[in-house]
Amino acid sequence: MFRTEAKIVDITDQSGQVEIPERPLLGRYQLLSELVAEQISGWIADGTFKAGQRLTAGELATKLGVSRSPVREALRILEAAGYLESAPYRGTWVKQMTAKEIEEVYMLREMLEGKAAYFAAERITSEEIERLEQLNLAMDECIEKGDRIRQQELNKEFHFTLYEAARQPRLYDLIKSLWDSVAYYRLLYSRHQTRRQQIQREHRAFIEACKARDAEGLQRLVGETIRLHSREMTELVIAMERR
């Protein structure tokens, strides 16, 4: 999502209570709205802000020590990325979906991304394959550093580099819409180290299928991966609903 040098701050005290620091941002960055968005996305990722929780620009601005303007822009950025939702007279809140809705999104993803993968394996260039390899190496570094937010950005770039190679722009846009609709839950899913390593293994298999021009093989791999993620994501959402 964002490439800043911002670090997500520790917001708990020794008792485990949430402590949003006062005025931590002033005088350090120029792109303040992006920094605010990075901070808020970090709080979403670590569970400080829960699915369905309402966020107000005024409260966030006070806690972060900034004006409301960059906070409003940050909320718009996060809504466009799929982490938040808003409605007139209701405000803005962390996106919330049911397990059934997640299942439907992943069913559609399997259909569309499998087809995109098939075309991509036939049409991808050597330069695009090299880019996929570079992105996967960068994600390995993020795992070592524990930079979950940046890995999430790179993971999305990896997949959409692959789907762009299909040369099917309408299909690409449909897939992007589906990805954005579950961005919050993918961020939660990426918390677990074992899942992040699993994703890396999947990516390496995708790259090998591209090199072999194995369209049917890549379509099968993508479908299997999405079905696995669908099951695990649904289990995650069901567990959240029971809390």
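Located above this text is the structure these notes cover.
Below is a short write-up of the structure. (Residues numbered from 1 in each chain as written. Predicted model: local features only at pLDDT ≥ 70, side-chain atom pairs only at ≥ 80, totals over all residues. Heavy atoms only, no water.)

What the rule picks out here adds up to six aromatic pairs. Ring centres 5.2 Å apart and planes at 75° place the aromatic pair F160 and W179 in the edge-to-face group. Here F160, found in helix α6 (residues 148–164), pairs with W179, found in helix α7 (residues 169–181); they are 19 residues apart in sequence, far enough to count as distant. Each of the two residues, F160 as well as W179, counts as buried. With a centroid separation of 4.8 Å and 80° between ring planes, the pair formed by Y184 and Y185 is classed as edge-to-face. (Phe/Tyr/Trp six-rings, centres within 6.5 Å; stacked < 30°, edge-to-face > 60°. Helix = DSSP H or I, 4+ residues; strand = E, 2+ residues; numbered from the N terminus. Buried < 20%, exposed > 50% of the residue type's maximum accessible area, 1.4 Å probe, protein only.)

Moving on to the environment of A37. Within the element layout of this structure, A37 appears in helix α1 (residues 32–45). Owing to a relative accessible area of 0%, A37 belongs among the buried residues under this scheme. As a C-alpha pair, A37 and A74 span 37 residues in sequence and 4.6 Å in three-dimensional space.

I40, I44, L162 and L218 are the most contacted members of the largest nonpolar core, which totals 68 residues. The residues touching I40, leaving out its near neighbours within four places in the chain, are F49, L55, L60, L75 and L78. (Core = buried A, V, L, I, M, F, W, Y, C linked by side-chain atoms within 4.5 Å. Contact = heavy atoms within 4.5 Å.)

So, about empty space enclosed by the protein. If you walk through the whole model with that rule in mind, you get two cavities of 30 Å³ or more. Put simply, the largest cavity is a space of about 190 Å³. Taken together, 20 residues make up the lining of the largest cavity; nearest its centre are R109, N155, W179, I199 and H229. Among the elements of the structure, α4 (99–123), α6, α8 (183–189), α9 (193–211) and α10 (215–242) are those that each provide at least two residues to the lining of the largest cavity. Of the residues assigned to the lining of the largest cavity, the class counts are nine nonpolar, seven polar and four charged. (1 Å grid on protein atoms, 1.4 Å probe; cavity = no way out; pocket = protein on both sides within 12 Å on 5 of 7 lines; lining within 4 Å. Points joined across faces, edges and corners; volume = space filled by probe spheres on them. Nonpolar A, V, L, I, M, F, W, Y, C, P; charged D, E, K, R; others polar.)

Judged from the two bridges that link them, strand β1 (residues 54–55) and strand β3 (residues 91–94) form a sheet pairing that is antiparallel. Each residue of the ladder has a partner; that of R54, found in β3, is W93. Hairpin geometry of strand β2 (residues 84–87) and β3 is characterised by an intervening segment of three residues between the two adjacent antiparallel strands and by a positive phi of about 70° at Y89. (Pairing = 2+ DSSP bridges.)

This next bit is on the side chain of D180. Here D180 is to be found in helix α7. Side chain to side chain, D180 and K156 meet in a polar contact 2.7 Å long. Setting aside residues no more than four positions away along its own chain, D180 makes contact with A80, A81, G82, K95 and K156. (Polar contact = N/O pair within 3.5 Å; in protein donor to acceptor, adjacent residues only side chain to side chain.)

The contact between α1 and helix α3 (residues 68–81) brings their axes to 8 Å, and the two run at 60°. The angle between α1 and α3 places the two elements in the oblique class. Crossing angle aside, the handedness with which α1 passes α3 is right-handed. Residues L32, S33, V36, A37, I40 and S41 of α1 form the contact with α3, whose own contacting residues are P70, V71, E73, A74, L75, I77 and L78. (Axes fitted to C-alpha atoms, helices over the stretch in contact; angles between N-to-C directions. Parallel < 35°, antiparallel > 145°, perpendicular 65-115°, else oblique. Left-handed = near helix turned anticlockwise from the far one by under 90°.)

Right, let's get into the sheet that holds β1. As summarised here, the arrangement of the three strands in space is β1-β3-β2, forming an open sheet in which the pairing is antiparallel. Each edge of the open sheet carries a strand with a single partner, namely β1 and β2. One ladder, built from four bridges, connects β2 with β3; its direction is antiparallel. Residue pairing for β3: A87 is matched across the bridge by G91. Packing against the sheet, α3 makes contact with β1 and β2, and its axis sits at approximately 110° to β2.

For the rest of this paragraph, the subject is the environment of G47. Relative to the elements of secondary structure, G47 occurs in the loop between α1 and β1. Since its relative accessible area comes to 8%, G47 is described here as buried. With 141 residues separating them in the primary sequence, G47 and L188 have C-alpha atoms 8.2 Å apart.

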